[in-house]
Amino acid sequence: MRTNDWQSIVIAVVLFALAAIVPFIANGYQLSVAVTAVMYVGLATSWALFSGPTHYISLASGAFFGVGGYLVATGMSDYNLSFWLMAAIAPLVAAVLAILIGLATLRLSGVYFVIFTLGLAEMVRNLVSWIQNNFLGSRGLYVLTDFTEAHIYWMLLGVCAIIFIFGWWLGRSRLGFALRIIGNDEAVAKHVGINTAWSKVILFMTTGFFAALIGAIIAPRYSYIEPNQVFSPELSFLVVIMALLGGTQRLWGPLVGVIPFTLVWEFINSNFSNFSTLFLGLAFLLIVYVIPRGFVGLLQTWGEKIRT
Amino acid sequence: MTIGRTLLQVNGATKRFGGLIAVNGMSFDVKEHEVMGIIGPNGSGKTTMMNLISGELRVTSGRISMQGSSLSDLPPHQIARLGIARTFQLVRILPSLSVIENVIAGGAFGHAKKWGSGARFFAESLLEKLGLAEQMYQPVDALTYIDQKRLELARALASEPQVLLLDEWLAGLNPTELQVGIDLISSLRDEGRTIILVEHVMDAIRSLCDRCVVMNSGKKIAEGQPSEVLSDPEVVRAYLGDE
């Protein structure tokens with residue numbers, strides 16, 4: 001390992017340790033914002049593992065996240081199963097779902113893929129609502145656990161750590177390299193011997209897995225769950241916006257996008273909740289036009305300017 | 001190097017696009033250590049033929065095989081893994097990767113499966129061999145056209161291919177660069193590599209190819225040593241038309 005790697009590891013461990021003590025020093029409101037932030041760090045980072053190198057913009061995060069939350073709620077409410085069992089099953093179900101979706105859609109390119117994932121997320125939401133209303137009784141589901149906000153926070157933090165370790169490994173692996181080549185030129189990728197379809201499906205599956213795991217862990221926070229609430233399309237857009245704001249070329253990119261955005265988003269939602277959608281649209285436009293490569297790109301440009 | 005056993009066999013390969021028959025019943029063999037040229041007027045189906053071999057396109061009928069195993073039904077990545085590497089008619093560099101990464105990309109997944117420090121070392125030695133030692137740490141968008149072509153060739157060689165497909169690799173080079181390019185391919189030939197090249201530059205065909213196949217309207221109209229086929233009346237007619 002090079003010294004650079006050791007430096008990154010030390011910084012990561014220190015940041016992680018600092019993040020871990022937040023519940024001891026934060027008040028209730030601050031901790032609830034922190035839970036939201038850690039949730040989006042996990043979602044945006046795992047999203048960027050797939051969409052960053054390949055440039056396949058997926059709007060399906062909400063669907064996988066919803067699968068996680070909904071399965072935990074159904075399992076606990078209707079079948080008296082334990083939270084832990086459901087939190088283990090949910091990501092696996094989402095991973096299988098992601099494989100099926102991936103096999104069907106990853107042949108689509110560019111904007112067609114984006115539209116398809118958006119439509120898909122809506123379809124899953126409506127399907128689940130319909131099943132819930134017609135077969136399982138039209139009532140919400142309760143997720144009652146002994147978890148405090150701090151417990152949820154630490155669990156999410158643990159998931160984030162796993163995502164970062166996975167991302168770090170991926171960046172050094174042949175699979176990660178294959179994804180970068182796919183993002184550059186898919187025709188070249190095929191002709192240098194990359195199984196492009198499977199490489200994309202595997203990473204799409206990973207993204208789905210983590211989104212569902214996070215959805216499952218956060219479910220106890222809401223206590224009462226409705227399909228329309230957990231399968232929110234807004235979440236898919238937020239994940240994309242935060243990841244793009246930070247920048248997807250580096251593993252830590254989404255992290256630096258999520259934290260400021262969560263704070264601003266929280267502020268807007270509590271003070272001008274009628275304008276949150278408007279703000280979302282404006283933020284998206286600003287990012288695409290002003291900082292298309294995110295904060296990471298901005299830092300790189302500045303770095304180059306200083307050196308010359 | 002002496003020409004060895006038959007490596008690649010094309011047997012009645014046909015490709016239809018709707019009503020258009022781009023390649024029509026092509027048959028030829030390529031032997032080990034041989035440089036085989038595919039020539040013909042524009043639109044005669046040469047690039048389509050290359051795309052059939054590399055798996056970019058699938059044959060409508062006929063069979064392409066390497067050392068007895070069929071390639072015609074395999075997807076491109078599996079064909080690459082069997083040891084067929086290619087360059088593209090319009091050069092295709094991976095723009096967000098470094099020069100060295102562009103070369104490693106060729107070897108990491110295909111036939112050679114090189115990874116880690118071994119892959120890096122091999123990539124550096126290829127770049128040096130192809131005359132890109134000084135450009136090794138430049139950004140890829142700073143490369144000149146011929147250097148981009150060299151880089152693409154290095155990427156193809158990184159997989160240690162059994163058969164190398166060069167699709168108009170010399171096209172677009174100026175006269176000085178052209179000589180450099182011909183010498184480069186000539187050095188590959190001296191190493192005993194098996195190469196199929198599609199080319200318009202007649203000097204290159206004459207000096208590089210052991211044998212060539214002439215295509216016109218998707219069909220093979222001649223096959224043999226370059227000097228023979230280039231004086232064949234039918235070949236002359238295909239290029240220049242009737243008097």
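In what follows, the accompanying structure is described. Here the structure is a predicted model, which means the values were calculated and not measured. (Residues numbered from 1 in each chain as written. Chains lettered and ligands numbered in written order. Predicted model: local features only at pLDDT ≥ 70, side-chain atom pairs only at ≥ 80, totals over all residues.)

### Some thoughts on the overall build of chain A
Here is step 1 of the chain: Within chain A, the regular secondary structure consists of 15 helices and two strands.
Here is step 2 of the chain: Since a compact globule built from 308 residues should have a radius of gyration of about 19 Å, the 19 Å found for chain A is in line with a globular shape.
Here is step 3 of the chain: In terms of its C-alpha atoms, chain A occupies a principal-axis envelope of roughly 65 × 50 × 40 Å.
Here is step 4 of the chain: Counting every position in chain A, which comprises 308 residues, the buried fraction comes to 44%.
Here is step 5 of the chain: Considering only intrachain contacts with a sequence separation of at least 6, the fraction spanning at least 24 residues in chain A is 79%. (Helix = DSSP H or I, 4+ residues; strand = E, 2+ residues; numbered from the N terminus. Rg over C-alpha atoms; globule rule 2.2 N^0.38 Å. Buried ≥ 20, exposed ≤ 12 C-beta atoms within 10 Å, placed from the backbone. Contact = placed C-beta atoms within 7 Å.)

### Let's talk about the sheet that holds strand S2 (residues 20-31) of chain B
The strands making up a sheet associate through hydrogen bonds between their backbones, and the pairing can be parallel or antiparallel.
Residues and elements named next belong to chain B.
Here is step 1 of the chain: Pairing in this open sheet of four strands is antiparallel, and the strands run S2-S1-S4-S5 from one edge to the other. Of all strands in the sheet, those with a lone pairing partner are S2 and strand S5 (69-70), marking the two edges.
Here is step 2 of the chain: Note that strand S1 (residues 6-17) and S2 share eight bridges and pair antiparallel. Paired with Leu8 across the two strands is Val30, which belongs to S2.
Here is step 3 of the chain: Along the sheet, helix H1 (residues 46-54) makes contact with S1, S2 and strand S4 (61-66), crossing S2 at roughly 65°. (Pairing = 2+ DSSP bridges. Axes fitted to C-alpha atoms, helices over the stretch in contact; angles between N-to-C directions.)

### Structural notes on the interface of chain A and chain B
Here is step 1 of the chain: Between chain A and chain B, the residue contacts involve 16 residues of the former and 18 residues of the latter.
Here is step 2 of the chain: Of all the secondary-structure elements, those providing two or more residues to the side of chain A that touches chain B are helix H8 (174-184) and helix H9 (186-191) of chain A.
Here is step 3 of the chain: Considering every element that reaches the side of chain A that touches chain B, the biggest residue donor is H8(A), with six residues.
Here is step 4 of the chain: Of the residues assigned to the side of chain A that touches chain B, the class counts are seven nonpolar, five polar and four charged. (Nonpolar A, V, L, I, M, F, W, Y, C, P; charged D, E, K, R; others polar.)

Limitation: the analysis is restricted to geometry and does not speak to function.
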